[in-house]
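Single-letter residue listing:
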Amino acid sequence: MADTTATTLFRYCPKCGANLETRVLKEGEPERLICGICGFVFYQDPKVAACAVCTIEGGIVLLRRGIQPQFGKWVFPGGFVDRGESVAQAAVRETFEEVGLRVSVTGILDVYSYPGNDVAVVVYAADVIGGRLQIGDEAEDVRAFPPEQLPWDDLAFESTAAALRDYLRRFFPRVRVPR
Ligand SMILES: [Zn+2]
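Note that the coordinates shown come from a computational prediction; the quantities given were computed from them, not determined experimentally.

Calculation criteria
- Residues numbered from 1 in each chain as written.
- Predicted model: local features only at pLDDT ≥ 70, side-chain atom pairs only at ≥ 80, totals over all residues.
- Helix = DSSP H or I, 4+ residues; strand = E, 2+ residues; numbered from the N terminus.
- Buried ≥ 20, exposed ≤ 12 C-beta atoms within 10 Å, placed from the backbone.
- Pairing = 2+ DSSP bridges.
- Contact = placed C-beta atoms within 7 Å.

### Points about the overall build of the chain
Alright, step 1. The number of helices and strands found in the chain is 2 helices and 11 strands.
Alright, step 2. The N-to-C order of helical and strand elements in the chain reads β-β-β-β-β-β-β-β-α-β-β-β-α.
Alright, step 3. Projected onto its principal axes, the C-alpha coordinates of the chain cover approximately 60 × 35 × 30 Å.
Alright, step 4. In the chain, which comprises 179 residues, the share counted as buried stands at 27%.

### What about the pairing of strand β9 (residues 101–112)?
Alright, step 1. Bridge analysis of β9 against strand β10 (residues 119–131) gives 10 bridges, and the strand direction is antiparallel. For Asp-110, the partnering residue across the bridge sits in β10 and is Val-123.

### Comments concerning the environment of Val-81
Alright, step 1. As for its placement among the helices and strands, Val-81 is situated in the loop between β8 (78–80) and α1 (87–99).
Alright, step 2. For the pair Val-81 and Arg-102, spaced 21 residues apart in sequence, the C-alpha to C-alpha distance is 17 Å.
Alright, step 3. Apart from the residues lying within four places of it in its own chain, the contact partners of Val-81 are Val-48, Ala-49, Ala-50, Val-87 and Ala-90.

### Thoughts on unusual backbone geometry
Alright, step 1. Omega for the peptide link from Gln-68 to Pro-69 comes to -5°, which places this bond in the cis form.
Alright, step 2. Tracing the sequence through the fold places Pro-69 in the loop between β6 (59–65) and β7 (74–75).
Alright, step 3. The residue Glu-57 is not glycine, and still its phi comes out positive at about 45°.
Alright, step 4. Relative to the helices and strands, Glu-57 is located in the loop between β5 (55–56) and β6.
Alright, step 5. What makes Glu-57 exposed here is the crowd of 8 C-beta atoms within 10 Å.
Alright, step 6. A positive phi angle is found at Gln-70, which is not glycine, with a value near 65°.
Alright, step 7. Tracing the backbone through its elements, the reader meets Gln-70 in the loop between β6 and β7.
Alright, step 8. For Gln-70, a count of 15 C-beta atoms within 10 Å gives the class partly exposed.

So, in structure tokens, the structure goes:
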């Protein structure tokens, strides 16, 4: 089932400012927000986040989040894709902004999405091609963890753990993957 809670978040039409109404437009689809005056349909689309997993001297690069949600938890670099930006380019840009590394994506790990969650997370494997590991303004700390010593109990999101498990299986098949 699609999550319809987003239909309660917005009250006014972004085009004309009239009140939005909740209505089923097409049978079998979630309720939509519709402007009763101009007819504008305010589709509540998912957000797309782009991330990169890379290594430095054999260690997997993670940052400790300095912002909400999941303040203080560990995650690989990534963030929301800007409209008109390629998803892979967003992963490259976010990695430089958040941990100071220039990367080149080598392939996609997977797309991680969950029912009721409005973010679809695209995770790439990437090679470091320049830059220097440093703490960006949205991070408290950055570190390259040996693959055997990932902070499994302090990861930020469900997608973080799922992607790291996939990364280990693919690139470090000898490392034991928890759960
Ligand atoms: Zn309107």
